[in-house]
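Residues per chain, in single letters:
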Amino acid sequence: YGFTKVFTSLFSVDGTKEEVFNYFKGFCDIAHKYGMIVSGDANTEFFKKMGASETDIHIFKEMGLDILRMDGCYFDDRDVTLINNEEGIKIEMSSGFIQAIDQAIDHGAKVENMAVCHNFYPGRYTGADLKTIMDIKVIREKFAEHFGAEGELYTSPGRINLIGEHTDYNGGFVFPGAIDKGM
């Protein structure tokens with residue numbers, strides 16, 4: 001189908017550190033066999049479970065991850081340390097943390113080691129401020145300021161769940177629908 005990237009939630013597997021590691025090592029090995037880039041969702045609590053920190057993410061490299069999608073951030077210079085990691089793992093952060101992203105870049109984070117995304121299941125007050133996400137001019141200016149080039153912007157309809165929030169990936173029922181508010 002032409003896909004080149006697979007996303008997984010590192011929170012989706014229960015077990016010991018070794019069990020979680022082995023599961024995702026196998027997952028990454030299969031994905032890489034088919035030429036896929038692997039992005040894994042993590043946060044600082046998951047780092048602790050796996051014995052990692054902003055200064056030591058070798059376990060994720062050994063696991064085979066290409067990108068760590070941070071579900072949260074430190075909001076200080078630890079973000080810079082994480083982004084500038086020696087393992088070569090790209091760090092993806094939610095655009096809802098635009099202030100932390102700006103601060104990290106201002107304090108020396110290498111933009112080539114970063115990616116930015118929107119939150120998949122945004123909760124109240126977790127997104128960027130309305131002006132930042134709705135004003136295309138502001139988005140283009142921020143991107144050009146940080147990356148020195150124009151970027152491409154894509155939008156998609158918003159999604160609502162009338163029933164079943166966060167139950168679909170646990171075998172439950174959902175009743176989602178698209179709304180006319182872009183994301």
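Each value, and the rule that gives it
Residues numbered from 1 in each chain as written. Predicted model: local features only at pLDDT ≥ 70, side-chain atom pairs only at ≥ 80, totals over all residues. Heavy atoms only, no water. Helix = DSSP H or I, 4+ residues; strand = E, 2+ residues; numbered from the N terminus. Buried < 20%, exposed > 50% of the residue type's maximum accessible area, 1.4 Å probe, protein only. Contact = heavy atoms within 4.5 Å. Areas by Shrake-Rupley, 256 points an atom, 1.4 Å probe, with all protein chains shown as cover. Pairing = 2+ DSSP bridges. Axes fitted to C-alpha atoms, helices over the stretch in contact; angles between N-to-C directions. Core = buried A, V, L, I, M, F, W, Y, C linked by side-chain atoms within 4.5 Å. pLDDT = per-residue confidence, 0-100. Right-handed = clockwise from strand over helix to strand, strands pointing away.

It is worth spelling out the overall build of the chain at this point. Broken down by element type, the chain carries seven helices and seven strands. The order of α-helices and β-strands along the chain, N terminus first, is β-α-β-α-α-β-α-β-α-β-α-α-β-β. Looking at the chain as a whole, 35% of its 183 residues qualify as buried. Taking as baseline every contact in the chain between residues at least 6 positions apart, the subset at least 24 positions apart corresponds to 59%. As presented, the chain carries roughly 11,500 Å² of accessible surface, and 55% of it is formed by carbon and sulfur atoms.

Take the sheet that holds strand β4 (residues 90-94) next. Spatial ordering of the open sheet is given by β1-β2-β3-β4-β5, a layout of five strands whose pairing is parallel. The sheet terminates laterally at β1 (5-9) and β5 (114-117), the two strands that pair on one side only. Going from strand to strand, the sheet's axes swing by 25 degrees on average, the running direction of each strand aside. In this sheet, strand β3 (residues 67-70) lies alongside strand β2 (residues 37-42) in parallel orientation, the contact comprising four bridges. Bridge pairing links Ala42 to Met70 in β3. Those strands touched by helix α1 (residues 17-33) are β1 and β2, and its axis lies near 170 degrees from that of β1.

Core analysis: the largest hydrophobic core is formed by 37 residues, its most contacted members being Leu10, Phe47, Phe60 and Leu68. Counting only elements with at least two residues in this core, the list comes to α1, β2, α2 (44-50), α3 (58-63), β3, α4 (77-83), β4 and α5 (98-106). The dominant element in this core, judged by the number of residues it contributes, is α1, at five residues. For Phe47, the contacting residues outside a window of four places in its chain are Ala42, Ala52, Ser53, Glu54, Ile57, Phe60, Leu68, Met70, Tyr74 and Leu82.

This paragraph deals with the confidence of the model for the chain. Confidence in the prediction of the chain, expressed as mean pLDDT, is 82, and 76% of residues score 70 or more. When the elements of the chain are averaged for pLDDT, helix α6 (residues 130-134) gives the smallest value, 59, and α3 the largest, 97.

Attention now moves to the pairing of β3. Of the two faces of β3, the one carrying Ile67 and Arg69 and the one carrying Leu68 and Met70 are both buried. Relative to β4, β3 runs parallel, the two being bridged by four bridges. Bridge pairing in β4 links Leu68 to Ile91. Note on the crossover from β3 through α4 to β4: the handedness is right-handed.

On to α5. Within the sequence span of α5, burial applies to Ile98, Ala100, Ile101, Asp102, Ala104 and Ile105. Looking one or two places after α5, you find Gly108, whose phi comes out positive at around 105 degrees.

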